[in-house]
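One-letter residues, chain by chain:
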Amino acid sequence: MCGGGGGSDQAEAQEKADERHQENLALQREQMAEQKRQFDLQRAENQKRYEKQERIAEAAPPPPPEETAGVAAPALDQLKISSSNRQKYRAPEYKKKTRSRSTSSLGIV
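Residues numbered from 1 in each chain as written. Predicted model: local features only at pLDDT ≥ 70, side-chain atom pairs only at ≥ 80, totals over all residues. Heavy atoms only, no water.

1. Describing the overall build of the protein chain
Alright, step 1. Helix and strand content of the protein chain: five helices and zero strands.
Alright, step 2. When its helices and strands are written in sequence order, the protein chain yields α-α-α-α-α.
Alright, step 3. Burial statistics for the protein chain: of 109 residues in total, 0% are counted as buried. (Helix = DSSP H or I, 4+ residues; strand = E, 2+ residues; numbered from the N terminus. Buried < 20%, exposed > 50% of the residue type's maximum accessible area, 1.4 Å probe, protein only.)

2. Overview of the pattern of salt bridges
Alright, step 1. According to the stated counting rule, one finds two salt bridges in the structure shown.
Alright, step 2. One salt bridge in this structure joins glutamate 34 and arginine 37, with 2.7 Å as the shortest N-O distance. Of this pair, glutamate 34 and arginine 37 both sit in helix H1 (residues 7-58), three residues apart, which is roughly one turn of that helix.
Alright, step 3. When the shortest N-O distance is used, the salt bridge between lysine 36 and aspartate 40 registers 3.3 Å. Here aspartate 40 and lysine 36 lie together in helix H1, a separation of four residues that amounts to about one turn.
Alright, step 4. Residue classification places lysine 36 among the exposed residues on the basis of a relative accessible area of 53%. (Salt bridge = Lys/Arg side-chain N within 4 Å of Asp/Glu carboxyl O.)

3. Things to note about the confidence of the model for the protein chain
Alright, step 1. Averaged over every residue, the pLDDT of the protein chain is 77; the share at 70 or more is 56%.
Alright, step 2. When mean pLDDT is compared element by element in the protein chain, H1 scores highest at 95, while helix H2 (residues 75-79) scores lowest at 55. (pLDDT = per-residue confidence, 0-100.)

Now the structure itself:
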């Protein structure tokens, strides 16, 4: 009689396939739970950011400047030093070493 003993191998293979399938389903459930957790965290962070932006948008404007305040000038204009005032900012040893142009061009020390 032929073919009588082959049924147990097929049953074992089916059991192993079912086991792998159940493991894969468990892994999928775990991955989906992790994705949901990350989504919830990101949603909470986005909600906080949105609420903060809403508070900023609805905040009262800053008070107007005082009447006694002058016109704002660029910082570079305030720091400009004229050539006559520049000498008072130089170090004393620099002033000693300089010569006048008229005598230095003639070679007179």
